[in-house]
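# Coordinate analysis (summary)
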Amino acid sequence: MPPKTTAPKATAPKTTAKPSTTEVHARLRSLIIGGEIPPDTKINIVALARDLGVSQTPVREALQRLEGDNLITYQPGRGYSTTPLLDLPGLRALFEFRLLVEPWAARAAAVDRLTNPGAALGRQLDDFEGLLARRAKGGPDPDVRDVRDVRQELVAHDAAFHAAVITASGNSVVEQAYGQTHCHLHTFRLYPEEIDTANTVVEHRRISAAIGRCEPGAAEEAMADHLRSSFERFARAFGDPGAASAPEVPPRRFLA
């Protein structure tokens, strides 16, 4: 089925300064993850440039960056389109990869050395919970305006949290392979409009605490449990009760 055409207006902020390529990239990324530019939609570069108040050049450069994020595809003669959503087999394959890599990384990070990321992970969680608390009180907060903004903050927090654990493992090959999946950008496109962040925060706290206490086994278990729960939450987007059966990770043997 051919992709849908064009996209909703991406209104530029009211400012005399022209948005940079980085700002255009961030804006388009937000629109794609938030579903305002639907999956499998043909991108109208002229319309986007007009709506953002920029020339076509920064829009094209931003689209090239998004192509690197696997959020945009380019086909000669057809131009740019947003990528389709993950299907259930694709989601399962992604989480099987994560179950092989991230519990190991959490175990490797939970060591008694200066690079232990437990304290930094705790600060990340404190900042995120503080942001959510300000939203719950309904007070003015320029960083949290509606559900779409919460979605973006959750994506940013989740990506930063898991990346910190991967980096703390000290394995650059694993870090590079993990980064190339862009897993958070794709899985969060499946989230419903109303996002329940409570489970994510609780599960992240458990991982952070185990790493900070230098308990490798507990850190590994907490990460594996979190990934299985995350898979089940995302799988509900397919509307099949049997779809939410989390993939299993085989028993592992650890290197000395």
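None of the values given here were measured: they were computed from a predicted structure.

What counts as what
Residues numbered from 1 in each chain as written. Predicted model: local features only at pLDDT ≥ 70, side-chain atom pairs only at ≥ 80, totals over all residues. Heavy atoms only, no water. Phe/Tyr/Trp six-rings, centres within 6.5 Å; stacked < 30°, edge-to-face > 60°. Helix = DSSP H or I, 4+ residues; strand = E, 2+ residues; numbered from the N terminus. Buried < 20%, exposed > 50% of the residue type's maximum accessible area, 1.4 Å probe, protein only. Lys NZ or Arg CZ within 6 Å of the ring centre and 35° of its normal. Core = buried A, V, L, I, M, F, W, Y, C linked by side-chain atoms within 4.5 Å. Contact = heavy atoms within 4.5 Å. Axes fitted to C-alpha atoms, helices over the stretch in contact; angles between N-to-C directions. Parallel < 35°, antiparallel > 145°, perpendicular 65-115°, else oblique. Left-handed = near helix turned anticlockwise from the far one by under 90°. Nonpolar A, V, L, I, M, F, W, Y, C, P; charged D, E, K, R; others polar. Expected span 1.5 Å × (residues − 1). 1 Å grid on protein atoms, 1.4 Å probe; cavity = no way out; pocket = protein on both sides within 12 Å on 5 of 7 lines; lining within 4 Å. Points joined across faces, edges and corners; volume = space filled by probe spheres on them. Polar contact = N/O pair within 3.5 Å; in protein donor to acceptor, adjacent residues only side chain to side chain.

### A closer look at the packing of aromatic side chains
- Applying the stated rule across the entire model yields 4 aromatic pairs.
- Centre to centre, the rings of phenylalanine 95 and phenylalanine 231 are 5.7 Å apart; their planes meet at 70°, and the pair counts as edge-to-face. Of this pair, phenylalanine 95 sits in helix α4 (residues 88-109) while phenylalanine 231 sits in helix α10 (residues 216-235); the two residues are 136 residues apart in sequence, bridging distant segments of the chain. Of the two residues, phenylalanine 95 and phenylalanine 231, both sit in the buried class.
- Each residue in the set Phe95, Phe188, Phe231 and Phe234 is aromatic and connected to the rest through ring pairs, giving one cluster.
- If you follow arginine 98 out to its NZ or CZ, it ends over the ring of phenylalanine 95, 5.2 Å from the centre.

### Digging into the nonpolar core
- Counting 59 residues, the largest nonpolar core has Leu28, Ile43, Val59, Leu63, Val165 and Ile211 as its most contacted members.
- Not counting the four nearest positions on each side in its chain, leucine 63 is found in contact with Leu28, Ile43, Ile45, Ile72 and Tyr80.

### Quick notes on the packing of helix α9 (residues 198-212) against α10
- One way to put it is that α9 packs onto α10 with a least axis distance of 8 Å and a crossing angle of 165°. Relative to α10, the element α9 lies roughly antiparallel. Crossing of α9 over α10 shows left-handed handedness. Across the interface between the two elements, Asn199, Thr200, Glu203, His204, Arg206, Ile207, Ala210 and Ile211 of α9 pack against Ala218, Ala219, Glu221, Ala222, Met223, Asp225, His226, Ser229, Ser230 and Arg233 of α10.
- Residue composition of the contact of α9 with α10, grouped by class: 7 nonpolar, 6 polar and 5 charged.

### Points about α9
- In this model α9 runs 21 Å from its N-terminal to its C-terminal C-alpha over 15 residues, within 8% of the 21 Å that 1.5 Å per residue would give.
- Every buried residue belonging to α9 is among Thr200, Val201, Glu203, His204, Ile207, Ser208, Ala210 and Ile211, and all of these are buried.
- Cysteine 214 lies just past α9 and shows a positive phi near 60°.

### Structural notes on empty space enclosed by the protein
- Scanning the model with the defined rule gives 2 cavities of 30 Å³ or more in all.
- Volume-wise, the largest cavity comes out at about 60 Å³.
- For the largest cavity, the full set of lining residues is Arg98, Asp158, Phe188, Tyr191, Thr200, His226, Ser230, Arg233 and Phe234.
- Here the element with the most residues in the lining of the largest cavity is α10; it accounts for 4 residues.
- By residue class, the composition of the lining of the largest cavity is 3 nonpolar, 3 polar and 3 charged.

### Concerning the side chain of histidine 184
- In this structure, histidine 184 sits in helix α8 (residues 183-187).
- Residue classification places histidine 184 among the buried positions, given a relative accessible area of 6%.
- Side chain to side chain, histidine 184 and aspartate 158 meet in a polar contact 3.1 Å long.
- The contact partners of histidine 184, leaving out residues within four places of it in the chain, are Arg98, Val155, Asp158, Ala159, His162 and Tyr178.

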